[in-house]
Amino acid sequence: MIPASFEYVCASSLPQAIRLLQDDPEGTKLVAGGHSLIPAMKLRLASPALLVDIRDIEELKGIEIGDRIRIGALVTHAELLSSERLRQALPLFHDAANTIADPQVRNRGTIGGSLANADPAADWPAVVLALNAELELAGPAGRRRVAAKDFFVDIMTTALETDEVLVAVHIQRPKPSAQFRYRKIRHPASGYAIIGIAVAVGLEDSVVSDAVIGVTGATARAFAPDAASAFLIGKSLSSRNMEQAASIVSEHAEYLSDRYASADYRKHLVKTEVARALSSLKTS
Ligand SMILES: Cc1cc2nc3c(=O)[nH]c(=O)nc-3n(C[C@H](O)[C@H](O)[C@H](O)COP(=O)(O)OP(=O)(O)OC[C@H]3O[C@@H](n4cnc5c(N)ncnc54)[C@H](O)[C@@H]3O)c2cc1C
């Protein structure tokens, strides 16, 4: 449980962090909250030669709420839980943050670290998928934005290049009538998602105008099936339609299996939790 030895630099700017990554992309790791990376280093699953601490980089901080919402990569789970302005504009962040681990983890862990880490059991991937978020990345070649649906590539693998930094999450501010739900079956010890479901639904005249259902925990990478959105849009939230949408989501992917939940059980949980999330929405 002791990491291999490493060098440590606390970067004061984004260009400095990118330069350090560029110097040795394979041997360098950014550290934000350290609540995924440091345990991995202690288990020697990661042994970077250089740790670049990004906690002082101002550009990666803060929550801005206008027509669009910007959440800096360094914003902690605790900040997302406690921001009343964000809760008013987009309650899904509060609801998901409330399920993450315990206060110690929430006080240190960041949304950027969680997304960059792409742990299949992390909560934020389902949320950014349901919100059609864009992720702002910065590297030696400049900035680019990647849609959440293109960001998660595989287990612990994202669209980030080894010399890029995740700067912020950008979301279109939803209409006041939009409804959100986050449901999760938690691992009893860590709190990680055995499965987690993020639902974002818009209604116009009792007919679904927008619907995205993000799923985490169940498969190697979080997903939001287009087929479920296509099925729901233009329909009412009748029991039958909600059940059908839940079936479509659960049929989508190959499920993980481990000592806590078999693949069949995870599939069953996805179906029942999507149905429960949808049936708790106002239907008109
Ligand atoms: C006991 C325990 C319980 C937990 N339970 C949950 C849970 O219920 N739900 C959940 O979602 N998570 C859970 N976590 C994980 C926790 O939320 C982590 O804090 C989070 O996943 C990683 O965020 P971090 O800021 O700590 O990242 P770090 O550990 O600092 O970094 C993680 C990885 O991301 C990279 N990285 C960090 N920031 C950036 C950036 N801005 N740009 C590019 N790369 C970056 C690092 O190089 C590293 O590879 C738990 C952790 C612990 C220890």
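Whatever comes next refers back to the structure up there.
Residues numbered from 1 in each chain as written. Predicted model: local features only at pLDDT ≥ 70, side-chain atom pairs only at ≥ 80, totals over all residues. Heavy atoms only, no water.

## Quick look at the layout of surface pockets
- Taken as a whole, the largest pocket holds about 1,500 Å³ of empty space.
- As for the largest pocket, its lining consists of 50 residues, of which Ser 36, Leu 37, Gly 113, Ala 116 and Asn 117 are closest to the centre.
- For the lining of the largest pocket, the secondary structure elements donating two or more residues are strand S2 (28-31), helix H2 (37-42), helix H7 (111-117), strand S9 (157-158) and strand S10 (165-172).
- Element by element, the count of residues in the lining of the largest pocket is highest for H7, at five residues.
- Its residues assigned to classes, the lining of the largest pocket shows 26 nonpolar, 17 polar and seven charged. (1 Å grid on protein atoms, 1.4 Å probe; cavity = no way out; pocket = protein on both sides within 12 Å on 5 of 7 lines; lining within 4 Å. Points joined across faces, edges and corners; volume = space filled by probe spheres on them. Helix = DSSP H or I, 4+ residues; strand = E, 2+ residues; numbered from the N terminus. Nonpolar A, V, L, I, M, F, W, Y, C, P; charged D, E, K, R; others polar.)

## Examining a nonpolar patch on the surface
- A contiguous nonpolar surface patch, about 400 Å² in accessible area, is contributed by Met 1, Leu 43 and Leu 45.
- Along the chain, Leu 43 falls in the loop between H2 and strand S3 (50-53). (Patch = residues over 30% accessible without salt bridge, like charges linked within 9 Å, V, L, I, M, F, W, Y side chains within 5 Å. Areas by Shrake-Rupley, 256 points an atom, 1.4 Å probe, with all protein chains shown as cover. Salt bridge = Lys/Arg side-chain N within 4 Å of Asp/Glu carboxyl O.)

## Focus on the site of the ligand
- Around the ligand there are 30 residues in total, and Leu 30, Leu 37, His 77, Thr 110 and Asp 123 lie nearest to it.
- A distance of 2.8 Å separates an oxygen atom of the ligand from a polar backbone atom of Gly 34.
- The contact in question runs from an oxygen atom of the ligand to an N or O atom on the side chain of Lys 184, over 3.3 Å.
- Look at the ligand: alone it shows 970 Å² of surface, and the protein chains cover 90% of it.
- The site holding the ligand turns out to be the largest pocket.
- Taken together, the elements giving at least two residues each to the shell around the ligand come down to S2, H7 and S10.
- Element by element, the count of residues in the shell around the ligand is highest for H7, at four residues.
- Class assignment for the residues of the shell around the ligand results in 15 nonpolar, twelve polar and three charged. (Near = heavy atom within 4 Å. Polar contact = N/O pair within 3.5 Å; in protein donor to acceptor, adjacent residues only side chain to side chain. Sits in = over half its atoms within 2 Å of the grid points.)

## Overview of the sheet that holds strand S12 (residues 193-204)
- Strand order in the open sheet formed by three strands is S11-S12-S13, and the pairing between neighbours is antiparallel. A strand with exactly one partner marks an edge of an open sheet, and here the two such strands are strand S11 (179-186) and strand S13 (207-216). Averaged over all pairs of adjacent strands, the angle between their axes in this sheet comes to 10°, without regard to strand direction.
- When S11 meets S12, the two strands line up antiparallel, connected through eight bridges. Bridge pairing in S12 links Arg 183 to Ile 197.
- Against the sheet, helix H12 (residues 263-279) touches S11, S12 and S13, its axis set at about 30° to S12. (Pairing = 2+ DSSP bridges. Axes fitted to C-alpha atoms, helices over the stretch in contact; angles between N-to-C directions. Contact = heavy atoms within 4.5 Å.)

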